[in-house]
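Given next are the chains, with one letter for each unit.
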Amino acid sequence: MTRHLLRDDDLSQAEQSAILDLALELKKDRFAVTPLAGPQTVAVIFDKSSTRTRVSFAVGIADLGGVPLIISTANSQLGGKETATDTARVLERQVAAIAWRTYAQSGLEEMAAGTTVPVINALSDDFHPCQLLADLLTIREHRGALAGLTVTFLGDGACNMAQSYLLAGTTAGMHVRIAAPAGYEPADAVVADATRRAQATGGSVTLFAEPAESVVGADVVVTDTWVSMGRESEKAERLTRLNAYQVNAELLARAKPDALFLHCLPADRGFEVTAEVLDGPQSVIWDEAENRLHAQKALLVWLLHQA
Ligand code: CP
Ligand code: NVA
């Protein structure tokens, strides 16, 4: 049966772990496997801007022996003119897989329900599962086993990164804490799904209203932009409401002394994180950005193998 990665909990703990194992192998030997030899094509569709996702998918697909087909919605028929389902039915006759960066999660669900090729969420308003595979790979490289580690995400708790940390972190057996002000909490349904997953893996979910307490004892501290793509009109209000959640040296000092700092990037320096932390010794952001390549290659290999 065709498998997709639309949200982080589409993978079981064992599947997530197997993909991370493979990513580590591919990082050591980048051209070890070429499942896309032919070459086969993978379509990567963007409704929103991107640097890391575009580059890492394009390079990764080429590394696997394939050809990346990068499509901007702005100059395609998708997005108003043709449905996601019809688009996928055209693409599936010619490509091995589809990755799509979009707004509504429901678009990805519609596309996946109506196609025979794997569909990968390359970021939606709700989740960013490819980034989480890269983040977990980075944490594993620096800290070893994931299960039992405590990770705190601060800021916009309703954004795709926070919600993906809830699902992917608990899948890995981690203790996931989210620190966010009222009105910026993760969706109740996501918290419920993450809590259920945590019960099965030995992880946990804790929501904090205040930042200071949320990082005490944390192994990993994470933040993301306060103004996600699509939220630009709320910028002024967000900068005010989220100001107290900035990750700065004082806040990071409350976590474990060797706590890692992660940020999916792009960062708004001086807002959700200070330059001092972003460029400091605890930051692993460049490993994290590189790991998009290795994690997505492993994901593609795994998805193609399931088909
Ligand atoms: N982290 C991330 O997804 O970056 P891009 O928006 O540059 O792809
Ligand atoms: N939360 C951010 C992530 C960017 C990679 C956004 O959606 O814009």
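The structure under discussion appears in the preceding block.
Quick caveat, the model's predicted, so the values are computed rather than measured.

A. Region of the structure containing the sheet that holds strand β5 (residues 150–154). Across the sheet, which stays open at both edges, the five strands sit in the order β7-β6-β5-β8-β9 with parallel pairing between neighbours. Among the strands making up the open sheet, the edge pair consists of β7 (204–208) and β9 (260–263). Taking the axes of each pair of neighbouring strands and ignoring which way they run, one obtains an average angle of 20° across the sheet. Bridge analysis of β5 against strand β6 (residues 175–179) gives five bridges, and the strand direction is parallel. Within the sheet, the bridge partner assigned to Val151 lies in β6 and is Val176.

B. Seen up close, empty space enclosed by the protein. Evaluation of the coordinates by the stated rule reveals one cavity of 30 Å³ or more. Each pocket or cavity is described by its volume, and for the largest cavity that value is around 50 Å³. Lining the largest cavity are Leu5, Asp8, Leu11, Gln16, Pro129, Leu132, Leu133, Leu136 and Ala168. Top contributing element to the lining of the largest cavity by residue count: helix α5 (residues 129–143), with four residues.

C. Expanded view of the site of ligand 1. Every residue near ligand 1 is listed here: Ser50, Thr51, Arg52, Thr53, Arg101, His128, Gln131, Cys264, Leu265 and Arg292. Between ligand 1 and Cys264 there is a distance of 2.9 Å, counted from a nitrogen atom to a backbone nitrogen or oxygen. Here Leu265 contributes a backbone N or O atom positioned 2.8 Å from a nitrogen atom of ligand 1. Relative to its free-state accessible area of 260 Å², ligand 1 is covered by the protein chains to the extent of 95%. Split by residue class, the shell around ligand 1 holds two nonpolar, five polar and three charged.

D. The arrangement of the sheet that holds strand β4 (residues 119–121) in detail. The sheet built from four strands is open, its strands ordered β2-β1-β3-β4 with parallel pairing. On the outer flanks of this sheet lie β2 (67–72) and β4, each paired with one strand and no other. Direction aside, the axes of adjacent strands within the sheet are offset by 20° on average. Two elements, strand β1 (residues 41–46) and β2, share six bridges in a ladder whose sense is parallel. From the neighbouring strand, Ala43 faces β2, where its bridge partner is Leu69. Running over the sheet, helix α4 (residues 105–113) touches β1, β3 (97–101) and β4 and is turned about 170° from β4.

E. Examining the site of ligand 2 more closely. Around ligand 2, the surrounding shell consists of Leu123, Asn160, Asp224, Thr225, Ser228, Met229, Cys264 and Leu265. Interatomic distance of 2.8 Å between a side-chain N/O atom of Asn160 and a nitrogen atom of ligand 2. Measuring from an oxygen atom of ligand 2, one finds a backbone N or O atom of Met229 at 2.8 Å. Bound to the protein, ligand 2 loses 94% of the 270 Å² it would expose on its own. Applying the majority rule of atoms within 2 Å of the grid points places ligand 2 in the largest pocket. For the shell around ligand 2, the residue count by class is four nonpolar, three polar and one charged.

F. Structural detail: the layout of surface pockets. There is about 400 Å³ of room inside the largest pocket. Lining the largest pocket are 22 residues; nearest its centre among them are Arg101, Thr225, Met229, Leu265 and Pro266. At the level of secondary structure, the elements contributing two or more residues to the lining of the largest pocket comprise α2 (52–63) and α6 (160–171). When the residues that make up the lining of the largest pocket are grouped by side-chain class, the tally is seven nonpolar, nine polar and six charged.

G. Just the packing of aromatic side chains, in detail. According to the stated counting rule, one finds zero aromatic pairs in the structure shown. When the ring centre of Phe46 is taken as reference, the NZ or CZ atom of Arg54 above it lies at 4.6 Å.

H. Main features of the packing of α5 against α6. Remark: α5 packs on α6, axes separated minimally by 9 Å, with the N-to-C direction vectors making an angle of 60°. Between α5 and α6, the angle falls in the class oblique. Judged by the sense of rotation from one axis to the other, the crossing of α5 with α6 is right-handed. In this structure, α5 uses Pro129, Gln131, Leu132, Asp135, Leu136 and Ile139 to contact α6, whose residues at the interface are Met161, Ser164, Tyr165 and Ala168. Broken down by class, the residue content of the contact of α5 with α6 amounts to seven nonpolar, two polar and one charged.

Analysis parameters
Residues numbered from 1 in each chain as written. Chains lettered and ligands numbered in written order. Predicted model: local features only at pLDDT ≥ 70, side-chain atom pairs only at ≥ 80, totals over all residues. Heavy atoms only, no water. Pairing = 2+ DSSP bridges. Helix = DSSP H or I, 4+ residues; strand = E, 2+ residues; numbered from the N terminus. Axes fitted to C-alpha atoms, helices over the stretch in contact; angles between N-to-C directions. 1 Å grid on protein atoms, 1.4 Å probe; cavity = no way out; pocket = protein on both sides within 12 Å on 5 of 7 lines; lining within 4 Å. Points joined across faces, edges and corners; volume = space filled by probe spheres on them. Near = heavy atom within 4 Å. Polar contact = N/O pair within 3.5 Å; in protein donor to acceptor, adjacent residues only side chain to side chain. Areas by Shrake-Rupley, 256 points an atom, 1.4 Å probe, with all protein chains shown as cover. Nonpolar A, V, L, I, M, F, W, Y, C, P; charged D, E, K, R; others polar. Contact = heavy atoms within 4.5 Å. Sits in = over half its atoms within 2 Å of the grid points. Phe/Tyr/Trp six-rings, centres within 6.5 Å; stacked < 30°, edge-to-face > 60°. Lys NZ or Arg CZ within 6 Å of the ring centre and 35° of its normal. Parallel < 35°, antiparallel > 145°, perpendicular 65-115°, else oblique. Left-handed = near helix turned anticlockwise from the far one by under 90°.

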